[in-house]
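# Structural features, examined
The lines below spell out each chain.
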Amino acid sequence: MKGIEKLFFRLSDREQNLLVITLWLVLLVVLYKMVIQDAIREYSILDDAEHNMTQYSKYIELKPFIQKALEQQKLEQKNKSYDKKNLSNRASSLADKVFPQRDYRELDTVERDRYSQHRIKITFERASYPQVEEYANLIREERPYMFLSEVKIKPNYPPKSRPYDATTYDATFEVSSVEFINQ
């Protein structure tokens, strides 16, 4: 410590003042980094938690209305919504009308506490765009009992040697239906 003191007093008054000011600035920056930024981060976390609690309380307030709307939907769809077998049969027959050489696969059913979402996948390979569009429209006509939950369309452009050939499309449709569980 004596060595630092000797070194400090060997400096001129101007250099001593500059060194003291620099040390204070470094100390303030370190204090800011350690204390104030932590406080700001903690305040931000608390503010986010308060915002989330406000949002969740809104959802909780809406729960009776959501329950009522679900019950109404359940009554409206009673004996009209498709179970997995009916969904498979109906989606397959609609696909046969448009593109008979389609590929068909049943997917896993997503089960929730109030409903089950049945899903199937229909694939058209090298279909024309009107065929793809027609199938999508046929499924849309079945709404709300059957709907498209995912559609992927990939164009197959003709080779450069035959530029006037028609563009075909590989389309994958994920067709779903919701079946409410009787409680």
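Residues numbered from 1 in each chain as written. Predicted model: local features only at pLDDT ≥ 70, side-chain atom pairs only at ≥ 80, totals over all residues. Heavy atoms only, no water.

## Let's talk about the packing of aromatic side chains
- Going through the model one piece at a time under the given rule, you end up with five aromatic pairs.
- Here F124 and Y135 contribute two aromatic rings whose centre-to-centre distance is 5.3 Å and whose plane-to-plane angle is 55°, an arrangement assigned as tilted. Residue F124 is found in strand β3 (residues 115-127), and its partner Y135 is found in helix α4 (residues 129-141); the two are separated by 11 residues along the sequence.
- On the basis of relative accessible area, Y135 is assigned to the buried category, the value being 0%.
- These aromatic residues form a ring-pair network of at least three members: F99, F124, Y135 and F173. (Phe/Tyr/Trp six-rings, centres within 6.5 Å; stacked < 30°, edge-to-face > 60°. Helix = DSSP H or I, 4+ residues; strand = E, 2+ residues; numbered from the N terminus. Buried < 20%, exposed > 50% of the residue type's maximum accessible area, 1.4 Å probe, protein only.)

## Details of the nonpolar core
- Judged by nonpolar contacts, the single largest core of 21 residues is most densely connected at F124, Y135, M146, F173 and V175.
- Non-local contacts of F173, meaning those with residues more than four positions away in its chain, are made with I120, K121, I122, F124, V132, Y135, A136, L148, E150 and V151. (Core = buried A, V, L, I, M, F, W, Y, C linked by side-chain atoms within 4.5 Å. Contact = heavy atoms within 4.5 Å.)

## Quick look at α4
- With 13 residues, α4 extends 18 Å between its outermost C-alpha atoms, agreeing within 8% with the 18 Å of an ideal straight helix rising 1.5 Å per residue.
- Restricting attention to buried positions, one finds in α4 the residues V132, Y135, A136, L138 and I139. All buried residues of α4 fall inside an arc of 160° around its axis, so they share one side. In α4, those exposed residues whose orientation departs by more than 90 degrees from the buried face are P130 and E141.
- Contacts made by the buried residues of α4 are with α3 (84-98), β3, β4 (147-156) and β5 (168-180). (Expected span 1.5 Å × (residues − 1). Arc of directions from axis to C-beta.)

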